[in-house]
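Results of the structural survey
Here is what each chain is made of, one letter per residue.
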Amino acid sequence: MTTTDKSGIKRVAGAPLLELNDVKMHFRTKGEGLLARGTKWVQAVDGVSLTVQPGETLGLVGESGCGKSTTARLITRLLEPTAGEIKYEGVDIAHMSERKLRPYRREIQLIFQDPYSSLNPRHTVGTIVGTALRTHGMVPKGGELKRVQELLEVVGLNPEHYNRYPHEFSGGQRQRIGIARALAARPKIIVADEPVSALDVSIQAQVMNLLENLRKELGIAFVFIAHDLGVVRHFCDRVAVMYLGRMVEEGPRDALYETPQHPYTQALLSAVPDIGVVRGVPPKHRIRLVGDVPSPVDPPSGCRFRTRCWKAEEICATSDPALERKPVGDTVVACHFAEPPVESIVAEAV
Amino acid sequence: MTDQTVRAPQTVTRTPRARAEGEEAYLEVTDLHVQFPTADGKVQAVQGLSYALPLRRTLAIVGESGSGKSVSSMAILGLHDRKSTWISGSIKVGGKEVVGMSEKDLMSYRGADAAMIFQDPQSSLHPFFTIGAQITESYRAHHNVSKRAAKARAVDMLGRVGIPNPSRRVDQYPHEFSGGMRQRAMIAMALVNDPKLLIADEPTTALDVTVQAQILDLIADLQRDFGSAVVFITHDLGVVAEIADDILVMYGGNAVEHGPVEKILGSPLHPYSWGLLESIPAVSGTPGPLHPIPGSPPSLLAMPSGCAFHPRCEFRDRVGGDLCRTLKPELIPRTADQGRTSRCHLKEPDKVFETEVLPRLP
């Protein structure tokens, strides 16, 4: 059953809050050199599918160039995908016109990584947050200022500071302003692209706790993008691992961190330096990946990880593994030779 | 199916190095002050820092932005502009006094005795010159050799830092290298003159985690081969746990805790170190809540009186006589263990850690 509310958003009952189906984003680049001919395509995102239920947090992890930030820009429709569907409450917004998108922009908000460049230095905090209220028609009866002050208080800033400028705040406080601006629209889902990675450790924990409280109290769903695997583990219900524009593994947090099945996930997790070493946790065997991530202009055939994978065989070059559930394990994984790490197999046998 | 040997990943496990106590210090920093006069007042970036480091050991300097970790390390290489910086105290590297060294002496000291690896290899390499030209320049500044011999040395160094095909790569430009390769090239450049002291300022912060692991392995391997002393500046305690022998925790321009890595990360004695440990979400074990340090780091223009950390410290009320606000504590041993020091008035910090902090670590 489809309903249309007064803001103009169509909703299909029972549909997930957000659903991406085989979404692709290919950017055109010029060939190298003066006399270069032929256009090349950077396959930044190449067939990503995911779903987010209301109130759920999905973590997207991967190394630079894996397409996680492009995915964020696709979900928020700052980019129009080359192919695929982006469904918000069952309605495809992938190619929707700017005018029709407006009400959706209110419900899908974005928090940026850099708290310095994402706030206008010439606007006061009151203007920054107030503009978000006015743009989305969210100014309440009590007046704009009152709501701005409420929002500042929610994110842990002094409500009296509404007439200050961004440069008067520290990095952590600026990130809070960005969060207040996102909350002004009363979103159902927030896409947070590396929201804490520019912050110092002690400030990072403050902002993480704030985001977690907002999630619990307001029931907002999150797509949380970070390269810090500890931060993602702390915040997310489910985690998806990306490599070179594709999703290689996805599943509930604990399953993904404890029994990862894709060789890349295993290598990624084993490479994280763990402070537990000094507290008597036995040092883990670190999988040493050789080489660099291949170019997204000309990715390897078949499985994209095969050029750096120790399990790779002929089939990996000829056949592209589908993201699917295997007989063992609780994650979905795109690998011909997926299996839980050796240690956990041993642990189960004992 | 192939046999098991082919399917097993290439793994490495770092083994902790044996401790050699009582070695002579190669780097000795004593009561270092670094100040920058500005229009708004005097920025006191480093305020009385002292530490020593022997050869073949790695010291991690940990701290947040503005703690003085980079400023103090740049002073070791004499990189501060004399006109706009006021430095006092002493920095001895292999017996040479660096504070007040003439520009001419600094030129022969830098690179040969001490070298630095910077955080961002993109901006630290010159885009107009080939990697080889930049390495040979550094080598020929200290060695009277032909261009051909210097280039052979550059190829050799690139090979040692794990760059495939070094004889071809040596003629390429920085933009033709990936991020991890550029950092390797930087390391090759820093080590080309066999310096006995290597300062690495956040060398892996800009890198992806799998590349970071490669670079950490490389630095550890090279240190073993070259026998140098390494100062490793970072904010990532996980990296510290893997690479360092000792840790120096800095806050507000000063050392607040210093000692062997397993002690400082295993049972720290300073409330700031506790706060750091409570702020970091782990990748293993049961996820627990984070307990961040309230407030933000102090302004270097207006440092708090007494202990620099007292405005953010939840234990300050345990110390009688308003001591934390009025008296700056000394960096001395606080427990029976003489091998570690901390700067805090709190009594019996080891018991406070065991009973109150340890149970709530994430």
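Because the structure is predicted, anything quoted here is derived from the model rather than measured.

1. Focus on the sheet that holds strand S4 (residues 40-52) of chain A
Residue and element names in this part refer to chain A.
- Read across the open sheet, the four strands follow the order S4-S3-S6-S7; overall the sheet is antiparallel. Edge strands, defined here as strands with exactly one partner in the open sheet, are S4 and strand S7 (91-92).
- Two strands pair when backbone bridges link them, and strand S3 (residues 18-29) and S4 are joined in this way by 10 bridges, in the antiparallel orientation. Looking across to S4, one finds that leucine 20 is bridged to leucine 50.
- Contacting S3, S4 and strand S6 (83-88), helix H1 (residues 68-75) crosses the sheet at an angle of about 115° to S3.

2. Topic: the interface of chain A and chain B
- Between chain A and chain B, the residue contacts involve 41 residues of the former and 54 residues of the latter.
- Between chain A and chain B, roughly 4,400 Å² of surface is buried when both sides are summed, and carbon and sulfur atoms account for 55% of that area.
- Between the two partners, chain A and chain B, sit three salt bridges.
- Taken together, the elements giving at least two residues each to the side of chain A that touches chain B come down to helix H6 (201-218), helix H7 (229-235), helix H8 (253-258), helix H9 (263-271) and strand S13 (286-287) of chain A.
- If you tally residues by element for the side of chain A that touches chain B, the top one is H6 of chain A, at seven residues.

3. Some details on the domain arrangement of chain A
All names here are of chain A.
- Per the domain assignment, the segments making up chain A are domain 1 (13-29 + 40-236) and domain 2 (261-350).
- The C-alpha-based centres of domain 1 and domain 2 are spaced at 30 Å.
- Taken together, the contacts link seven residues of domain 1 with 10 residues of domain 2.
- Between domain 1 and domain 2, roughly 830 Å² of surface is buried when both sides are summed, and carbon and sulfur atoms account for 61% of that area.
- In terms of surface lost to domain 2, no three residues of domain 1 exceed Gln43, Glu63 and Leu229, which account for 57% of the buried area on that side.
- Along the contact surface separating domain 1 from domain 2 lie one salt bridge.
- The partner of aspartate 46 in a salt bridge is arginine 304, with the nearest N and O atoms 2.9 Å apart.
- At the boundary of domain 1 with domain 2, the tally comes to four residue pairs in polar contact (both at pLDDT 80 or more).
- Take the side of domain 1 that touches domain 2: its biggest share by element is five residues, from S4.
- By residue class, the composition of the side of domain 1 that touches domain 2 is three nonpolar, one polar and three charged.

4. Description of the sheet that holds strand S7 (residues 114-117) of chain B
All names here are of chain B.
- Reading across from one edge, S7-S8-S9-S4-S10-S11-S12 is the order of the seven strands in this open sheet, with mixed pairing throughout. Only two strands of the sheet have a single neighbouring strand rather than two, namely S7 and strand S12 (341-342).
- Bridging between strand S8 (residues 197-201) and strand S9 (residues 229-234) involves five bridges; their strand directions are parallel. Residue pairing for S9: leucine 198 is matched across the bridge by valine 230.
- In the packing of helix H12 (residues 271-279) onto the sheet, the strands contacted are strand S4 (58-62), strand S10 (246-251) and strand S11 (254-260), and the crossing angle to S10 comes to about 100°.

5. Topic: unusual backbone geometry
- Backbone geometry places arginine 77 of chain A, a non-glycine residue, at a positive phi of 55°.
- Looking at the element boundaries, arginine 77 of chain A is found in the loop between H1 and S6.
- In this structure arginine 77 of chain A comes out as buried when scored by relative accessible area, which is 7%.
- The phi angle at asparagine 165 of chain B is positive, at roughly 60°, despite the residue not being glycine.
- Tracing the backbone through its elements, the reader meets asparagine 165 of chain B in the loop between helix H6 (147-160) and helix H7 (166-169).

6. Some points on the nonpolar core
- Of all hydrophobic cores here, the largest spans 69 residues; its most connected members are Ile179, Leu183, Leu211, Phe224, Leu229, Val232 and Tyr264 of chain A.
- Here this core gets seven residues from one element, more than from any other, and that element is H6 of chain A.
- Of all hydrophobic cores here, the second largest spans 37 residues; its members include Tyr139, Leu207, Val211 and Ile219 of chain B.

Cut-offs used in this document
Per chain, the residues get numbers from 1 upward, laid out in the order the sequence is written. Following the order in which they are written, the chains are lettered starting with A and the ligands numbered starting with 1. Given that this is a predicted model, residues contribute local features only at a pLDDT of at least 70 and side-chain atom pairs are listed and counted only at 80 or more, while totals for whole chains, interfaces and linings are drawn from all residues. With hydrogens and water set aside, each side-chain value is computed from the structure's full complement of heavy atoms. Two strands pair if DSSP finds at least two bridges between them. The way it works is that DSSP assigns letters per residue, a run of H or I at least four long becomes a helix, a run of E at least two long becomes a strand, and they are numbered from the N terminus. Contacts between residues were defined by any pair of non-hydrogen atoms, one from each residue, lying within 4.5 Å. Each axis is a line fitted through C-alpha atoms, taken for helices only over the stretch in contact, and angles between the N-to-C directions span 0 to 180 degrees. Buried area is understood as the total, over both parts, of accessible area removed when two parts are fitted together, assessed with a 1.4 Å probe. Salt bridges are identified by distance alone: a Lys or Arg side-chain nitrogen within 4 Å of an Asp or Glu carboxyl oxygen. An automatic or database domain assignment supplies the residue ranges for each domain. Polar contact is defined as a pair of N or O atoms within 3.5 Å, subject to the rule that within protein one atom must be able to donate a hydrogen and the other to accept it, and that residues adjacent in sequence are counted only when both atoms are side-chain atoms. Only Asp, Glu, Lys and Arg are considered charged, only Ala, Val, Leu, Ile, Met, Phe, Trp, Tyr, Cys and Pro nonpolar, and every remaining residue, Gly among them, polar. Relative accessibility under 20% of the residue-type maximum defines a buried residue, over 50% an exposed one, and the middle range a partly exposed one, all with a 1.4 Å probe and only protein chains included. Nine residue types can take part in a nonpolar core, namely buried Ala, Val, Leu, Ile, Met, Phe, Trp, Tyr and Cys, and a core is a set of them joined through side-chain atoms within 4.5 Å.

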